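Coordinates in review
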Amino acid sequence: MEITNVMEYEEIAKQKLPKMVFDYYASGAEDQWTLQENRQAFCRILFRPRILIDVSKIDMTTTVLGFKISMPIMIAPTAMQKMAHPEGEYATARAASSAGTIMTLSSWATSSVEEVASTGPGIRFFQLYVYKDRNVVAQLVRRAERAGFKAIALTVDTPRLGRREADIKNRFTLPPFLTLKNFEGLDLGKMDKADDSGLASYVAGQIDRTLSWKDVKWLQTITKLPILVKGVLTAEDARIAVQVGAAGIIVSNHGARQLDYVPATISALEEVVKAAEGRVPVFLDGGVRRGTDVFKALALGASGIFIGRPVVFSLAAEGEAGVRKVLQMLREEFELTMALSGCRTLKEITRDHIVTDWDHPRPHPRHLPRL
């Protein structure tokens with residue numbers, strides 16, 4: 001059966017992967033309300049296409065933190081990719097590079113920053129969790145810098161791990177033949193079996209719950225790399241992120257894996273964009289499965305989007321070729337959406353190209369009250 005969209009990889013991954021692994025990738029926190037909402041909220045945004053515009057040439061290129069990429073579709077950090085496929089992060093890195101876009105490597109990758117750098121050229125960001133031992137953090141950031149990574153995506157929504165009930169039921173732990181490669185030499189690369197989720201216990205033991213805005217400042221003292229704050233959902237925090245000197249904001253709810261009943265990222269996006277006032281770029285992850293979703297995010301002010309689960313599901317199904325295909329399908333769908341909406345460049349995508357269910361309906365002249 002030919003695969004014609006990104007969603008179809010999920011079912012293939014479900015058939016191929018061990019239950020513990022698939023559930024880890026697929027599930028969200030608690031009731032998984034936000035997990036469904038991340039998708040559903042896109043369905044409540046409709047297009048206002050403009051017609052009779054010459055769309056024979058479409059330019060999807062953009063720059064992110066000064067780096068030119070082929071399209072505003074990038075790869076979000078997802079942990080432990082070798083659980084999905086033996087080539088893991090290597091395959092993802094090669095697919096991103098061949099698509100001319102950015103890959104974000106997870107702190108909890110099953111391949112190290114050096115190994116991923118060895119796959120060849122490419123623009124790569126490094127997602128950072130702040131460990132209690134700050135020497136571990138400083139060392140890791142230095143290694144990412146030396147390996148040619150271009151930015152740090154600081155995850156700020158995980159002082160504790162969200163309650164993911166599938167992982168508790170499955171007693172999730174990293175398979176014995178794998179390690180969290182970035183921490184291997186520090187005796188932090190293994191995850192013990194626990195009475196609940198092995199990852200939750202690992203986080204409780206290692207990740208710093210005291211993390212605060214002053215640590216973003218501290219991070220700036222140990223690296224020259226631009227810092228993206230990943231996990232912002234409110235205008236208040238967007239303003240502070242700008243004040244402390246973040247280079248950008250990623251509107252994210254951690255794939256709906258942390259606090260359940262937060263809004264979909266596409267619903268929170270506009271508030272954050274307005275608060276940032278154009279001073280830093282705002283990106284989005286969570287729920288993007290179609291080129292139409294990418295367009296909707298850009299129309300609401302995002303500078304680009306990141307995809308997570310589609311990467312691990314396609315990786316599980318077809319390895320590097322699967323990830324390439326996901327990037328290619330999203331690219332082609334996005335290009336088609338631009339053409340059918342009458343937009344030739346990303347700059348031409350505006351708020352007027354969409355209507356959302358939270359827009360105030362403009363009263364039809366017929367329904368205006370008689371004076």
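Residues numbered from 1 in each chain as written. Predicted model: local features only at pLDDT ≥ 70, side-chain atom pairs only at ≥ 80, totals over all residues. Heavy atoms only, no water.

A few words now on the packing of helix 1 (residues 8-16) against helix 13 (residues 309-341). For the pair helix 1 and helix 13, interaxial distance at closest approach is 10 Å and the crossing angle is 170°. With respect to their mutual orientation, helix 1 and helix 13 come out roughly antiparallel. Between helix 1 and helix 13, the residues in contact are Tyr 9, Glu 10, Ile 12, Ala 13 and Lys 16 and Phe 313, Ser 314, Ala 316, Ala 317, Glu 318, Gly 322, Lys 325, Val 326 and Met 329, respectively. Of the residues that constitute the contact of helix 1 with helix 13, the class distribution is 8 nonpolar, 2 polar and 4 charged. (Axes fitted to C-alpha atoms, helices over the stretch in contact; angles between N-to-C directions. Helix = DSSP H or I, 4+ residues; strand = E, 2+ residues; numbered from the N terminus. Parallel < 35°, antiparallel > 145°, perpendicular 65-115°, else oblique. Contact = heavy atoms within 4.5 Å. Nonpolar A, V, L, I, M, F, W, Y, C, P; charged D, E, K, R; others polar.)

If you check UniProt for "binding site: glyoxylate" (unreviewed entry), the listed places come out as Tyr 24, Tyr 129, Arg 164, His 254 and Arg 257 in our numbering. Lining residues of the largest cavity drawn from the annotated list: Tyr 24, Tyr 129, Arg 164, His 254 and Arg 257. With residues up to four places along the chain from it excluded, the contact list for Tyr 24 reads Ala 79, Met 80, Met 83, Arg 164, Asp 167, Phe 172, Leu 199 and Arg 257. Structurally, His 254 is set in the loop between strand 9 (248-251) and helix 11 (265-276). (UniProt positions renumbered as here; feature names shortened; annotations may be inferred. 1 Å grid on protein atoms, 1.4 Å probe; cavity = no way out; pocket = protein on both sides within 12 Å on 5 of 7 lines; lining within 4 Å.)

Before going further, it helps to examine empty space enclosed by the protein. Taken as a whole and judged by the stated rule, the model has 1 cavity of 30 Å³ or more. Roughly 430 Å³ of volume is contained in the largest cavity. Lining of the largest cavity is provided by 30 residues; of these, Pro 77, Thr 78, His 254, Gly 255 and Arg 257 occupy positions nearest its centre. Among the elements of the structure, helix 2 (19-26), strand 11 (304-307) and helix 13 are those that each provide at least two residues to the lining of the largest cavity. With 3 residues, helix 13 is the single largest residue contributor to the lining of the largest cavity. Broken down by class, the residue content of the lining of the largest cavity amounts to 14 nonpolar, 10 polar and 6 charged. (Points joined across faces, edges and corners; volume = space filled by probe spheres on them.)

Turning next to the packing of aromatic side chains. Taken as a whole and assessed by the stated rule, the structure comprises 11 aromatic pairs. Pairing Trp 108 with Tyr 202 gives two aromatic rings, centres 6.2 Å apart and planes at 80°, and the pair type is edge-to-face. Here Trp 108, found in the loop between strand 5 (103-105) and helix 5 (113-117), pairs with Tyr 202, found in helix 8 (residues 198-206); they are 94 residues apart in sequence, far enough to count as distant. Each member of the pair, Trp 108 as well as Tyr 202, is classed as buried. (Phe/Tyr/Trp six-rings, centres within 6.5 Å; stacked < 30°, edge-to-face > 60°. Buried < 20%, exposed > 50% of the residue type's maximum accessible area, 1.4 Å probe, protein only.)

Right, let's get into the pattern of salt bridges. Counted according to the given criterion, the structure contains 19 salt bridges. Arg 44 serves as the salt-bridge partner of Glu 37, at 2.5 Å between the closest nitrogen and oxygen. Assessed through its relative accessible area of 11%, Glu 37 is described here as buried. When its relative accessible area of 32% is taken as the criterion, Arg 44 is described as partly exposed. Three or more residues joined by partner-sharing salt bridges are found here, namely Glu 87, Arg 94, Glu 320 and Arg 324. (Salt bridge = Lys/Arg side-chain N within 4 Å of Asp/Glu carboxyl O.)

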